[in-house]
Amino acid sequence: MLRIVVCVSGGGTNLQAIIDGVKNGQISNTEIVQVISNNGNAYALKRAEENGIPGICVSPKDYEDREAFNDALLETVKRAAPDLIVLAGFLVVVPEKMIAEYRNKIINIHPSLIPSFCGKGYYGLKVHEGVLERGVKVTGATVHFVDEGTDTGPIILQRPVEVEDGDTAETLQKRVMEQAEWILLPEAVDAIANGRVEVKDGRCRILKNRKDRGVS
Ligand code: GRF
């Protein structure tokens, strides 16, 4: 069983997609052992509670400085003894110590096709505003491993989504979630849980599942 910790800051629709995936069998060999939010009011914590998953808030506001917060966050993660940490809309810069300790064991979902519209300043609606401003016709979402850079880690999965005439950042955000994020994140977790993700020289390879390979 892959033990996963899911880190959230807001609504938690991506967390919900993972919860649903575990329930309906789309994600196998996986247990969500802890949800961590930096925001006590995040609706994601409610989703955890409703599904019997331990939820906890670790907020920078409760600590003297960033270092104390970072230490508390890492301690909370370690206590849950995860095999994988999933950042599902987690608006916190992950401490370097945590990245070093969990190399290729932290994944993030980003609402664009990396390397477009990513990096510093591209979060939330700003990503979709950037897409509309540039006038690209296709956007999408990316699941990637987290390294020391911003959105620079090895790419696991990507899925394109069309930009439509008349889109606003809000309509585009919704379509990217529905048509890409909520599909990709469960798929990535399942692939990792079943040993189908290989990382070599900074690039990922997804091995096909037994069914696709014609093995029953
Ligand atoms: C998603 O768009 C995700 O790609 C980004 O933050 C948003 C989180 O949404 N990293 P939710 O909290 O999962 O609903």
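Structure shown above.
The rules behind these values
- Residues numbered from 1 in each chain as written.
- Predicted model: local features only at pLDDT ≥ 70, side-chain atom pairs only at ≥ 80, totals over all residues.
- Heavy atoms only, no water.
- Helix = DSSP H or I, 4+ residues; strand = E, 2+ residues; numbered from the N terminus.
- Expected span 1.5 Å × (residues − 1).
- Buried < 20%, exposed > 50% of the residue type's maximum accessible area, 1.4 Å probe, protein only.
- Contact = heavy atoms within 4.5 Å.
- Salt bridge = Lys/Arg side-chain N within 4 Å of Asp/Glu carboxyl O.
- Pairing = 2+ DSSP bridges.
- Axes fitted to C-alpha atoms, helices over the stretch in contact; angles between N-to-C directions.

> Explanation requested: helix α1 (residues 13-24) in the structure shown.
Note on helix geometry: an α-helix contains 3.6 residues per turn, so any two residues three or four positions apart are oriented the same way. With twelve residues, α1 ought to run about 16 Å at 1.5 Å a step, and its terminal C-alpha atoms sit 16 Å apart, in line with that. Turning to α1, its buried residues number three or more, namely Asn 14, Leu 15, Gln 16, Ala 17, Ile 18, Ile 19 and Gly 21. Elements in contact with the buried residues of α1: β1 (2-8), β2 (30-37), α2 (43-50), β4 (84-87), β5 (106-110) and α6 (169-193). Immediately beyond the C-terminal end of α1, within one or two residues, lies Gly 25, with a positive phi of roughly 90 degrees.

> Help me understand the pattern of salt bridges in this model?
When their charged atoms lie close together, side chains carrying opposite charge are able to pair. Inspection of every chain in the model, using the stated rule, returns eight salt bridges. Across the pair Lys 97 and Asp 71 runs a salt bridge whose closest N-O atoms are separated by 3.0 Å. Of this pair, Lys 97 sits in helix α4 (residues 96-101) while Asp 71 sits in helix α3 (residues 66-79), and the two are 26 residues apart along the sequence. The exposure class of Lys 97 is exposed, given its relative accessible area of 51%. Across the salt bridge formed by Asp 190 and Arg 196, the nearest N and O atoms sit 3.1 Å from each other. Judged by relative accessible area, which is 14%, Arg 196 ranks as buried. Several salt bridges share partner residues, and in doing so they unite Glu 164, Asp 167 and Arg 175 into one network.

> Where do I start with the sheet that holds strand β3 (residues 55-57) in this structure?
Strand pairing in a sheet is mediated by backbone hydrogen bonds. Such pairs are either parallel or antiparallel. Read across the sheet, seven strands follow the order β3-β2-β1-β4-β5-β6-β7 without closing on themselves; strand pairing throughout is mixed. In this open sheet, the two edge strands, each paired with only one partner strand, are β3 and β7 (155-162). With strand direction ignored, the average angle separating the axes of adjacent strands in the sheet is 20 degrees. Relative to β5, β4 runs parallel, the two being bridged by three bridges. Each residue of the ladder has a partner; that of Val 86, found in β5, is Ile 107.

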